[in-house]
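Topology and contacts: notes
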Amino acid sequence: MDRALSIVFYSAIALITCVMSKNVGCITAKSGTDAYLRKKALNQLYIGGIFSILFAVSALRFGIGNDYEQYTRTAHEAYVGGYVVTEAGFNYLVRFIYTLFHGECYEVIFAVFGFVTLLIFLYVFYRDSADFSQSFFLFMTLGFYFQTFNTVRYYFALSVALCAMKYVLEKDYIRFVFFIILASFFHKSVLLVLPVYFVATFMWKRWVFVLGVIIGAVCFAGKGLLLKIALLLYPSYKNTIYLDGGLRITSVLRIVAVLLLYLWFLHYMGDDFCQDADYKKLRFYGQLNFLALLAATFFSFLPVVTRIVYYFSVSWLLMIPLMLKKIEDNTVKIRVRILITIACLLYFVLFLRGAHQAGVGLLPYQSWLFEERYIYK
């Protein structure tokens, strides 16, 4: 499937599933009534359909993603007992699956990660989002779904981090820590969210934001030392293209746009919004996005800094729908929704245009049903 046809294919998948998501709604009927059961069944039907389509695209892919071939090699080394830098959870999973299938069925590895990651994201949208369809629209158009084809361990950890936000907000620290520790057996970078998410639940004074900028500037000035420390934690990044770093303008602009929307929202809602039941949630999401901005700018020299940024900015998937829900004026709500929709669609177009580039590798789409697989001996 060539690049142009693949872009049409990805666009069609996004369009079809986003249309389906519009039929998933809140259940307002009384529990146990026919109306309740009917709506619940319809929700499950549409979510199941969305999941089936997206999982099929993910599980059937071949050579898609910037590290697909590298993952097959890493899985091979983990299976035969060679040296690998991947975490124990991934290594044991590989050995279990390869033993179960009596061979190196790396397609199953990608399918398992795709299945679990997608399942968690959709579950969180249904459980926690103020608007399932809006969260799902952001998930597709901001590229989160398609990026799950890359670094499958990381995006599994990211989905768990998003899921765990509910627990830290509810002060259910036992479950919060449990799920993050579990995810760290597949990608240890997720441990970062343990202190950060906890600190972000508190109300920050203005001096905290100023201090954050100052610390960021100092760290940027001493980036040589910090880079050495980072390479001690992640030695696999030594002498790789990931050390090129650099400020990613698109990433920074996305974060700035969301922060401006958040600041406008707080101004629009007024001081009384501090008494709203959802204020703490939005404050939590907003403060995480401030940290995302610091990471994307002052810490842009770190290897694959986008992974750090995404742990904070993934909150967009819940933050934006919640802000839209809180706007009571329908005229204002429609205007803001249109603005968000246009911005997301423009970003989606730009994302697909560059999806063939090194470091992304999502185009052209290929399936192992029609390609010759890798064989290791």
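Remember, it's a predicted structure, so these values are computed and weren't measured experimentally.

What counts, and at which threshold
Residues numbered from 1 in each chain as written. Predicted model: local features only at pLDDT ≥ 70, side-chain atom pairs only at ≥ 80, totals over all residues. Heavy atoms only, no water. Helix = DSSP H or I, 4+ residues; strand = E, 2+ residues; numbered from the N terminus. Rg over C-alpha atoms; globule rule 2.2 N^0.38 Å. Buried < 20%, exposed > 50% of the residue type's maximum accessible area, 1.4 Å probe, protein only. Contact = heavy atoms within 4.5 Å. Areas by Shrake-Rupley, 256 points an atom, 1.4 Å probe, with all protein chains shown as cover. Core = buried A, V, L, I, M, F, W, Y, C linked by side-chain atoms within 4.5 Å. Salt bridge = Lys/Arg side-chain N within 4 Å of Asp/Glu carboxyl O. Expected span 1.5 Å × (residues − 1). Bend = angle between axes of the 7 residues up to and from the residue. Patch = residues over 30% accessible without salt bridge, like charges linked within 9 Å, V, L, I, M, F, W, Y side chains within 5 Å. Axes fitted to C-alpha atoms, helices over the stretch in contact; angles between N-to-C directions. Parallel < 35°, antiparallel > 145°, perpendicular 65-115°, else oblique. Left-handed = near helix turned anticlockwise from the far one by under 90°. Nonpolar A, V, L, I, M, F, W, Y, C, P; charged D, E, K, R; others polar. Phe/Tyr/Trp six-rings, centres within 6.5 Å; stacked < 30°, edge-to-face > 60°. Lys NZ or Arg CZ within 6 Å of the ring centre and 35° of its normal.

Quick look at the overall build of the protein
Along the backbone of the protein there are 17 helices and 0 strands. By the compact-globule yardstick of 21 Å for 377 residues, the protein fits well, its C-alpha radius of gyration being 21 Å. Along the three orthogonal principal directions, the C-alpha set of the protein runs to about 65 × 60 × 45 Å. Taken across its 377 residues, the protein has 48% of its residues classed as buried. Sequence-distant contacts, at least 24 apart, represent 76% of the contacts inside the protein between residues at least 6 apart. Surface summary for the protein: the accessible area is close to 18,900 Å², and the carbon and sulfur share equals 67%.

A few points about the nonpolar core
With 113 residues, the main nonpolar core has Phe-139, Met-140, Tyr-197 and Tyr-311 as its most contacted residues. Not counting residues within four places of it along the chain, the set of residues in contact with Met-140 comprises Ile-13, Ala-14, Thr-17, Cys-18, Leu-54, Tyr-145, Phe-146 and Phe-348.

Looking at helix α16 (residues 316–326)
Within α16, 10 of the 11 residues are buried, which leaves the element mostly enclosed by the surrounding structure. Buried residues of α16: Trp-316, Leu-317, Leu-318, Met-319, Ile-320, Pro-321, Leu-322, Met-323, Leu-324 and Lys-326, and no others.

Observations regarding the pattern of salt bridges
According to the stated counting rule, one finds 8 salt bridges in the structure shown. A salt bridge links Asp-128 to Arg-127; its shortest N-O distance comes to 2.7 Å. A single salt-bridge network, built from bridges that share partners, covers Asp-276, Asp-278 and Lys-326.

A word on helix α8 (residues 152–169)
An ideal rise of 1.5 Å per residue puts 26 Å on 18 residues; α8 measures up with 27 Å between its terminal C-alpha atoms. Most pronounced at Cys-163, the bend in α8 amounts to some 30 degrees. With 16 of 18 residues buried, α8 lies mostly within the body of the structure. Note on α8: the residue one or two positions beyond its end, Lys-171, has a positive phi of about 60 degrees.

Side note on a nonpolar patch on the surface
Taken together, the side chains of Trp-207, Val-210, Leu-211, Ile-214, Ile-215 and Val-218 present a nonpolar region at the surface, about 600 Å² in accessible area. Along the chain, Ile-215 turns up in helix α11 (residues 206–221). Residue Ile-215 is classed as partly exposed on the basis of its relative accessible area of 44%.

Comments concerning the packing of helix α5 (residues 106–128) against α8
If you want to describe how two helices pack, look at the angle between their axes and the distance between the axes. Their axes nearest at 9 Å, the elements α5 and α8 cross at an angle of 20 degrees. One way to sum up the angle between α5 and α8 is to call them roughly parallel. The crossing of α5 and α8 is left-handed. Contacts between α5 and α8 involve Phe-110, Phe-113, Val-116, Thr-117, Ile-120, Phe-121, Val-124, Phe-125, Arg-127 and Asp-128 on the former and, on the latter, Val-152, Arg-153, Tyr-155, Phe-156, Leu-158, Ser-159, Val-160, Leu-162, Cys-163, Lys-166 and Tyr-167. Tallied by class, the residues present in the contact of α5 with α8 amount to 15 nonpolar, 2 polar and 4 charged.

Topic: the packing of aromatic side chains
Summed over all chains, the structure comprises 47 aromatic pairs. Relative to Tyr-106, the ring of Tyr-68 has its centre 6.3 Å away and its plane inclined at 90 degrees; by these criteria the two rings are edge-to-face. With a gap of 38 residues between them, Tyr-68 in helix α3 (residues 68–80) and Tyr-106 in helix α5 connect regions that are remote in the sequence. According to the relative accessible area criterion, Tyr-106 is buried, its value standing at 1%. With a centroid separation of 5.0 Å and 85 degrees between ring planes, the pair formed by Tyr-154 and Tyr-155 is classed as edge-to-face. The same class applies to Tyr-154 as to Tyr-155, namely buried. Here Arg-153 stacks its cationic end above the ring of Phe-90, 6.0 Å away from the centre of that ring. Lying across the ring of Tyr-154, Arg-307 places its NZ or CZ 5.9 Å from the centre.

A look at the environment of Ala-257
Checked against the element boundaries, Ala-257 lands in helix α13 (residues 249–269). As a C-alpha pair, Ala-257 and Ile-340 span 83 residues in sequence and 9.8 Å in three-dimensional space.

Remarks on unusual backbone geometry
The omega torsion of the bond from Leu-363 to Pro-364 falls at -10 degrees, within 30 degrees of zero and hence cis. Among the structural elements, Pro-364 can be located in the segment after α17 (330–353). Although it is not a glycine, Thr-151 adopts a positive phi angle of roughly 40 degrees. One can find Thr-151 in the loop between α7 (144–147) and α8. Residues other than glycine seldom take positive phi values, yet Lys-171 does so here, at roughly 60 degrees. As for its position among the elements, Lys-171 is in the loop between α8 and α9 (173–184).

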